[in-house]
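# Structure at a glance
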Amino acid sequence: MAELAVTFSRRFGATSRRDRWWVTPLAVFLGLSAFIVYSAWAGLQGAHYHFGSYLSPMYSPELFGESPHSWFGPKPGWWPSVLPFSPAFLIIPIPLGFRFTCYYYRGAYYKAFWADPSSCAVGEPRKKYLGEQSFPLIIQNVHRYFLYLALIFNVILAYDAVSAYRFADPVGGTRFGIVLGSLVLTVNATLLAIYSLSCHSLRHLVGGCRDCVSTVGDGGTTYACVSALNRRHMLFAWVSLVWVGFTDLYIRLCSMGVWSDLRIL
């Protein structure tokens, strides 16, 4: 395939537009920066990420760790002693990779962080545009594989949400109950599932790769459903991102005793 190279002559930021074109990239820059800073801080803590039956989505699944939610016990012996350890380090590459390679997020952070381009009809800071045909941006094509892993994570997070309705019974065993935290985790799992199911790559896999969608086994019903979700993929991307941070914060503050979990039923 021939390399795409387009030359620009307009100086950076030059435009004849009179609207506030800079508002959207600025908002994206501030929103993503805030989440990156918070999630990095939360992941480095390695503490207050669980509370009773709750487990922060930034730490789920907890492969190794000190909480009762750990699958394989405490910190593994093979972890380098010179490096700090947090259960989040072992799983964060998957949700991070899924969002980083997401078609929507790529367009959003290209504009907000790299000014590539800053906005439509606005001068860029570079002379050539090479697209995603060379390293490192060609790696963005692994998005489909991160989707497969993300769907597995959706099942695990759904299990975490169901577990949030089980509480220790004073007379032994467990009992069903509804508290605010269980609803927070349920909303989190639901939003992340919708974000994953609205993915452009999933839309391609369930019928978008066919010349005629009606030839798909279900006559294109699944494709139509995913397409309906895909129309609001940007909305689901942002709402699910914010809710992940809020869910971690909620569990963290409950664990620290800053606020009490509100019992509903």
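Residues numbered from 1 in each chain as written. Predicted model: local features only at pLDDT ≥ 70, side-chain atom pairs only at ≥ 80, totals over all residues. Heavy atoms only, no water.

Right, let's talk about a nonpolar patch on the surface for a bit. Residues Trp22, Val23, Leu26, Phe29, Leu30, Ile36, Phe113 and Trp114 make up a contiguous nonpolar surface patch of about 730 Å² in total accessible area. Where the nonpolar patch is concerned, the elements lending two or more residues are α1 (23-45) and α3 (103-114). Per-element accounting of the nonpolar patch gives the leading share, five residues, to α1. Its location among the elements puts Leu30 in helix α1. (Patch = residues over 30% accessible without salt bridge, like charges linked within 9 Å, V, L, I, M, F, W, Y side chains within 5 Å. Areas by Shrake-Rupley, 256 points an atom, 1.4 Å probe, with all protein chains shown as cover. Salt bridge = Lys/Arg side-chain N within 4 Å of Asp/Glu carboxyl O. Helix = DSSP H or I, 4+ residues; strand = E, 2+ residues; numbered from the N terminus.)

Where two aromatic rings form a pair, the distance of their centres and the angle of their planes describe that pair. Enumeration over the complete set of coordinates arrives at 23 aromatic pairs. Their ring planes at 50° and their centres at 6.2 Å tell us that Phe246 and Tyr250 sit as a pair that is tilted. Taken together, the residues span about one helical turn, with Phe246 and Tyr250 both in helix α8 (residues 233-256) at a distance of four residues. For Tyr250, a relative accessible area of 4% corresponds to the buried category. Among the aromatic residues, those joined into a cluster by ring pairs are Phe64, Trp71, Phe72, Trp78, Trp79, Phe85 and Phe89. Over the aromatic face of Tyr195 sits the side chain of Arg99, whose NZ or CZ is 4.5 Å from the ring centroid. (Phe/Tyr/Trp six-rings, centres within 6.5 Å; stacked < 30°, edge-to-face > 60°. Buried < 20%, exposed > 50% of the residue type's maximum accessible area, 1.4 Å probe, protein only. Lys NZ or Arg CZ within 6 Å of the ring centre and 35° of its normal.)

Right, let's get into the confidence of the model for the protein chain. The predicted model of the protein chain averages 90 in pLDDT, with 95% of residues at 70 or higher. Across the protein chain, the element-wise mean pLDDT spans from 49 in strand β1 (residues 6-7) up to 98 in helix α5 (residues 180-197). (pLDDT = per-residue confidence, 0-100.)

Looking at soluble globular proteins, one finds that nonpolar side chains tend to be buried together. Counting 34 residues, the largest nonpolar core has Met58, Tyr104, Tyr105 and Tyr195 as the members making the most contacts within it. At the level of secondary structure, the elements contributing two or more residues to this core comprise α1, α3, α4 (143-163), α5, α6 (200-208), α7 (221-230) and α8. (Core = buried A, V, L, I, M, F, W, Y, C linked by side-chain atoms within 4.5 Å.)

With that settled, the discussion passes to the pattern of salt bridges. Counted under the stated rule, the structure contains two salt bridges. Among the ionic pairs, Arg17 bridges to Asp19, the shortest N-O distance being 2.6 Å. The class of Arg17 is partly exposed, set by a relative accessible area of 27%. Taking the shortest distance from any N to any O, the salt bridge between Asp248 and Arg252 comes out at 3.2 Å. Of this pair, Asp248 and Arg252 both sit in helix α8, four residues apart, roughly one helical turn. Judged by its relative accessible area of 2%, Arg252 is buried.

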